[in-house]
Amino acid sequence: MVELNAHTVVFAIFSIITLGGAVGVVWNRNLVSSSYWLIFSLFGVAGLFVLLSAPFLAAVQVLVYIGAVGILITFSVMLTRGMTQIKDVFNRQSAASGVVAVLLFVVLLVGVVLPVWGPSGALSSAPASDVVATTAELGVALVDGSQYVLPFELVSLLLTAALLGAIVIARDQDK
Amino acid sequence: MDVCSINNIARCLVNSGFDPALAQFITILLGVVVVASFPLVVVIFLIWVERKFAARIQDRIGPNRVGPYGLLQTVADAIKLIAKEDITPAGADRLVYNAAPIMAVMSVLLIWAVIPFSPIHVGVDLEIGALYFVAVASIATLAIMLAGWSSNNKYALLGAFRVVAQLVSYEVPLVFALLVPILFASSMSMQDIVHAQSGMWFFFMAPVAGLIFFISSQAETGRAPFDLLEAESEIVAGFNIEYSGMKFGLFFAGEFMHVLTNGVLMAVLFFGGWLGPLVEQAPIILGPLYLFAKSTFWYLLSLLIRNTVPRVRIDQLMDFNWKFLVPLSIVNFVVIAVLLRLCEALGIAPAAANANDFVANIPQTLVLLLGNAAIAAYVLNRLRRAGREQRLAEAGRTLAAVGEKAAVAH
């Protein structure tokens, strides 16, 4: 069923990067090393986006998660000194979070993956090339009144509110 | 039977009995090697150029012992760097420590993949070329963070924090300035951006955006007057303090390459890239020639600024970015977008048929230029007034202090 060609091999490499990086994130006791593994993992996701003919998402993935996560590391180091040297691999909520993670995985599998791409799913018979959109189409979709303009504007508003909120919190009280 | 040349290697290989897939692979591999090695080779001579240039400004002669005119000085330096002992500090995160310099060079080299050298020679003409440039350039920030953290040295870490703050801040005006050529070309592909300038170079339509791009990329490189990360004369070095030998050399080479890359990007985004007279007839010779002639201008200007402008303080650096460049770049982008739409609505914009005609572009360019001039006049006026107020305030403080002293003496 699965053909062994360049595409499959590259997919396997990026999957290993993504999953291996994710294991590195949770298995590492040093917060900073964890964030490096996170970057490694997200880089793999960027590779998967390229394989899916979504270069725009791949570039944004690299820009946001490598450019911005670098900054996150800076702040995690500066603000959470104690967190950089954790001794235990598991904390007290490990059992509860394990259950939640498994539940989420099952919900995604049953609710999203199987109905859409499963054996009798909506898109199971459509070849990948038929659902590929160009970057220009993505741009139009974001500002087209009949498509995603409302969610797009809502997200913009949310981000602006977050930005203003951060400024208000960080501001000196006496000024 | 056609003659084998750089333009038809793949076809030549197939004709001489290669498998088509293999021939394609060899061609791509060759392209990657050429595009990636070119800046690395050029940087050897650029370091010589830069040292000679700095020497002349400082009334010295510069390198003049190794080879004619000291041309081989950098080669000797490179051999020295490779031969040096490779020291890894105790307690360093070995893997990250070794990966950081490679990533620093990689982030610059990756930009060259989307630079169009001629109408047909471009590493890969991505439809998201400009975004790709911003994305891979942000890897440099990460490399510096990794280097500072993994060195296990508090000075390196502090240095890295400062650099990251600087680089991230200056990315904002850089991206806003980059949006202007994208707006003009209605495409993010570098090749499309060059083609869109065949009527008029974008710098004449948006000089303010061009200058913002140049200033921010100078800051992204971390060179004087923005070289707080290094500040040779005061703090010796920042994030790279623990690096020695060729690993230090890689950071160093990355910085020098970045300056040339900035020049090339200025040429591509604002000065028409490989465009020039007769370029269609001899694209392979004239295209790169025009591109590098234009790049050299910005490269030398960058050297001139580096060697003549004093270093700014960290608070001045941040103020200059967040209170000046960022608002200016946003206003500039909005004004240009509105003017562009206005030109379209009034019918001043050149029609699609004669977009490549110089004369047809003149009215729209004049309107945009006028908009730019208005922004520049307002900004300069504001700056003059702010400077004057500050000088007066300082003079007032001095006078008050003198007055107090005089009162005490009485």
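Quick caveat, the model's predicted, so the values are computed rather than measured.

A.B. asks: Would you mind showing me how to read the overall build of chain B here?
C.D. replies: Each helix and strand in chain B was counted, giving 13 helices and zero strands. Counting from the amino terminus, helix and strand elements in chain B follow one another as α-α-α-α-α-α-α-α-α-α-α-α-α. With the C-alpha coordinates of chain B rotated into their principal frame, the extents come out at 100 × 65 × 40 Å. In chain B, buried positions account for 47% of the 410 residues.

A.B. asks: When you look at the nonpolar core in this model, what are you seeing that I'm missing?
C.D. replies: One broad trend across soluble globular proteins is that nonpolar side chains are buried collectively. Residues and elements named next belong to chain B. The biggest cluster of nonpolar side chains holds 111 residues, and the ones touching the most others in it are Phe133, Phe184, Phe213 and Phe270. Looking at this core element by element, the count peaks at 16 residues for helix α5 (residues 129–150). When residues are assigned to domains, this core turns out to be shared by domain 1 (1–83) and domain 2 (85–409), each giving three or more. Setting aside residues no more than four positions away along its own chain, Phe184 makes contact with Phe202, Met205, Ala206, Ile336, Leu340 and Leu368.

A.B. asks: How do you make sense of the interface of chain A and chain B when you look at a structure like this?
C.D. replies: Frequently, the measure chosen for interface size is the accessible area that the parts lose on association. With 22 residues of chain A in contact, the opposing surface of chain B contributes 19 residues. Overall, the association of chain A and chain B removes approximately 1,700 Å² of surface from exposure, summing both partners, and the carbon and sulfur fraction of that is 82%. Linking chain A with chain B are zero residue pairs in polar contact (both at pLDDT 80 or more), by the criterion used here. Elements that contribute at least two residues to the side of chain A that touches chain B include exactly α2 (31–51) and α3 (55–79) of chain A.

A.B. asks: Teacher, can you tell me more about the domain arrangement of chain B here?
C.D. replies: Residue and element names in this part refer to chain B. According to the domain assignment, chain B contains domain 1 (1–83) and domain 2 (85–409). Using only C-alpha atoms to locate each centre, domain 1 and domain 2 end up separated by 25 Å. Taken together, the contact between domain 1 and domain 2 spans 21 residues of the former and 26 residues of the latter. For domain 1, the biggest contributors to the area lost against domain 2 are Glu50, Phe53 and Leu81; these three give 29% of the whole. There are one salt bridge connecting domain 1 and domain 2. Summed over the shared surface of domain 1 and domain 2, the result is three residue pairs in polar contact (both at pLDDT 80 or more). Going through the elements one at a time, α2 (20–57) and α3 (73–83) are the ones with two or more residues in the side of domain 1 that touches domain 2. Along the lines of polarity and charge, the residues of the side of domain 1 that touches domain 2 split into 18 nonpolar, two polar and one charged.

A.B. asks: Honestly, the side chain of Gln61 of chain A in this entry has me stumped. Any pointers?
C.D. replies: Checked against the element boundaries, Gln61 of chain A lands in helix α3. Gln61 of chain A has contacts with Leu42, Val45, Ala46, Phe49 and Ile66 of chain A, leaving out every residue within four places of it along the chain.

A.B. asks: Please clarify how unusual backbone geometry should be interpreted in this entry.
C.D. replies: With glycine set apart, most residues show a phi of negative sign, and most peptide bonds adopt trans. All names here are of chain B. In this structure, Tyr69 takes a positive phi of about 55° despite not being glycine. Locating Tyr69 in the fold gives a position in the loop between α2 and α3. Despite not being glycine, Asn152 has its phi angle at roughly 55°, a positive value. Along the polypeptide, Asn152 turns up in the loop between α5 and α6 (154–185).

A.B. asks: In this structure, what is going on with helix α13 (residues 358–409) of chain B? I would like to understand it.
C.D. replies: The α-helix advances 3.6 residues per turn, and as a result positions three or four apart in sequence lie on the same side. Residue and element names in this part refer to chain B. Along its 52 residues, α13 runs 73 Å from first to last C-alpha, staying within 8% of the 76 Å computed at 1.5 Å per residue. Maximum bend of α13: about 30°, positioned at Gln364. Where α13 is concerned, the buried positions are Ala360, Asn361, Gln364, Thr365, Leu368, Gly371, Asn372, Ile375 and Val379. Tucked into the core, α13 has its buried residues touching α6, α8 (202–205), α9 (207–221) and α12 (314–346).

A.B. asks: Hey, could you run me through a nonpolar patch on the surface in this one?
C.D. replies: All names here are of chain A. Among the surface-exposed residues, Val102, Leu104, Phe105, Val106, Leu108, Leu109, Val110, Val112, Val113, Leu114 and Trp117 lie close enough to one another that they form a single nonpolar patch of about 1,000 Å² accessible area. With respect to the helices and strands, the residue Val110 is situated in helix α4 (residues 94–117). For Val110, a relative accessible area of 52% gives the class exposed.

A.B. asks: What is the right way to read the confidence of the model for chain B from this model?
C.D. replies: In low-pLDDT segments, the atomic positions of the prediction should not be examined closely. Residue and element names in this part refer to chain B. Confidence in the prediction for chain B averages 83 pLDDT; 96% of positions are at 70 or higher. α9 holds the highest mean pLDDT among the elements of chain B, 90, whereas helix α1 (residues 9–15) holds the lowest, 72. Taken over the whole predicted complex, pTM reads 0.85, whereas the ipTM for its chain interfaces reads 0.77.

A.B. asks: So what exactly am I meant to see when it comes to a positive patch on the surface here?
C.D. replies: A grouping of Arg382, Arg384, Arg385, Arg388 and Arg391 of chain B is seen on the molecular surface, where their side chains present a positively charged patch. Here Arg391 of chain B is to be found in helix α13.

A.B. asks: Help me understand the pattern of salt bridges in this model?
C.D. replies: A side chain with one charge may pair with a side chain of the opposite charge, provided their charged atoms come close. Residues and elements named next belong to chain B. If you walk through the whole model with that rule in mind, you get six salt bridges over all chains. Its salt-bridge partner being Glu50, residue Arg306 comes within 2.5 Å of it at the nearest N-O pair. Remark: Glu50 occurs in helix α2 and Arg306 occurs in helix α11 (residues 283–308); sequence separation between them is 256 residues. Taking the shortest distance from any N to any O, the salt bridge between Arg313 and Asp315 comes out at 2.9 Å.

A.B. asks: What should I look at first to understand the side chain of Glu171 of chain B in this one?
C.D. replies: Residues and elements named next belong to chain B. Secondary-structure assignment places Glu171 in helix α6. On the accessibility criterion, Glu171 (14% relative accessible area) is buried. Residues in contact with Glu171, not counting those within four places in the same chain, are Ser138, Thr141 and Glu220.

Calculation rules
- Residues numbered from 1 in each chain as written.
- Chains lettered and ligands numbered in written order.
- Predicted model: local features only at pLDDT ≥ 70, side-chain atom pairs only at ≥ 80, totals over all residues.
- Heavy atoms only, no water.
- Helix = DSSP H or I, 4+ residues; strand = E, 2+ residues; numbered from the N terminus.
- Buried < 20%, exposed > 50% of the residue type's maximum accessible area, 1.4 Å probe, protein only.
- Core = buried A, V, L, I, M, F, W, Y, C linked by side-chain atoms within 4.5 Å.
- Domains from an automatic or database assignment.
- Contact = heavy atoms within 4.5 Å.
- Buried area = accessible area lost by both parts, 1.4 Å probe.
- Polar contact = N/O pair within 3.5 Å; in protein donor to acceptor, adjacent residues only side chain to side chain.
- Salt bridge = Lys/Arg side-chain N within 4 Å of Asp/Glu carboxyl O.
- Nonpolar A, V, L, I, M, F, W, Y, C, P; charged D, E, K, R; others polar.
- Expected span 1.5 Å × (residues − 1).
- Bend = angle between axes of the 7 residues up to and from the residue.
- Patch = residues over 30% accessible without salt bridge, like charges linked within 9 Å, V, L, I, M, F, W, Y side chains within 5 Å.
- Areas by Shrake-Rupley, 256 points an atom, 1.4 Å probe, with all protein chains shown as cover.
- pLDDT = per-residue confidence, 0-100.
- Lys, Arg positive; Asp, Glu negative; His and termini not counted.
- Charge placed at Lys NZ, Arg CZ, Asp CG, Glu CD.

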